[in-house]
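Notes for the structure review
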Amino acid sequence: MLNQNLEVSVRNARPSDAGEIAEVFRDSWRLAYTGILPTPYLDREIMRRDATWWRRAISTERNLLIALHGERIAGYATCGRARGGGRNTGEIYELYLAPVYQGLGIGEHMFEACRATLDGLDLERLIVWALEGNDRARAFYIRCGGRPTRRSCVRLGNALSTRVAFEW
């Protein structure tokens, strides 16, 4: 269901992208998690992941990808070997789009770029976790062919939340 007419490119993030990635993070997290995560936790995470934080992440993270629509960063994703998973399993750790770019097919471009990156690491299986209350993310992963396979609890700030694993 990729929008073939939308001009999108995906590349590895550069240090000069840090400010825009911080904006995408802030705006996408506010949209996704307001009402799901405790407000103090959400505010703290957004403040913590400023441009300086993202510059450091870019310098250490090999698989931090950005989606460009023209010259603007529309979203970012990180992926690699699954945390706590099998030897042949990859994980998309984060995949977020600026709210203005959601619903246009750019997320699918990012998803496929992550899959290609993980294929390049010879990882045959894929897992993604989404918070149970994040209906947009859950619907997106189902549209991409993922099937919910299990749930687990995770502590975010002072609250316990349930997350759902989607697997391919």
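These numbers come from a predicted model, not from an experiment. (Residues numbered from 1 in each chain as written. Predicted model: local features only at pLDDT ≥ 70, side-chain atom pairs only at ≥ 80, totals over all residues. Heavy atoms only, no water.)

Counted by the stated rule, this structure contains 14 aromatic pairs. Aromatic pair Y33 and Y96: ring centres 6.3 Å apart, planes at 70 degrees, arrangement edge-to-face. Residue Y33 is located in helix α1 (residues 18-33), and its partner Y96 is located in strand β4 (residues 89-97); the two are separated by 63 residues in the primary sequence. The burial state of Y33 is the same as that of Y96; both residues are buried. On the numbers, 4.7 Å between centres and 80 degrees between planes, the contact of W53 with W54 is edge-to-face. Here W53 falls in the partly exposed class, since its relative accessible area comes to 21%. Judged by relative accessible area, which is 1%, W54 ranks as buried. Three or more aromatic residues joined by ring pairs make a cluster, and in this case those are F25, W29, Y33, W53, W54, Y76 and Y96. (Phe/Tyr/Trp six-rings, centres within 6.5 Å; stacked < 30°, edge-to-face > 60°. Helix = DSSP H or I, 4+ residues; strand = E, 2+ residues; numbered from the N terminus. Buried < 20%, exposed > 50% of the residue type's maximum accessible area, 1.4 Å probe, protein only.)

With that settled, consider the side chain of E45. Looking at the element boundaries, E45 is found in helix α2 (residues 39-48). Excluding residues within four positions of it along the chain, E45 makes contact with F25 and W29. (Contact = heavy atoms within 4.5 Å.)

At D122, a residue that is not glycine, the phi angle is positive and equals roughly 60 degrees. Locating D122 in the fold gives a position in the loop between α4 (106-120) and β5 (125-131). For D122, a relative accessible area of 65% translates into the label exposed.

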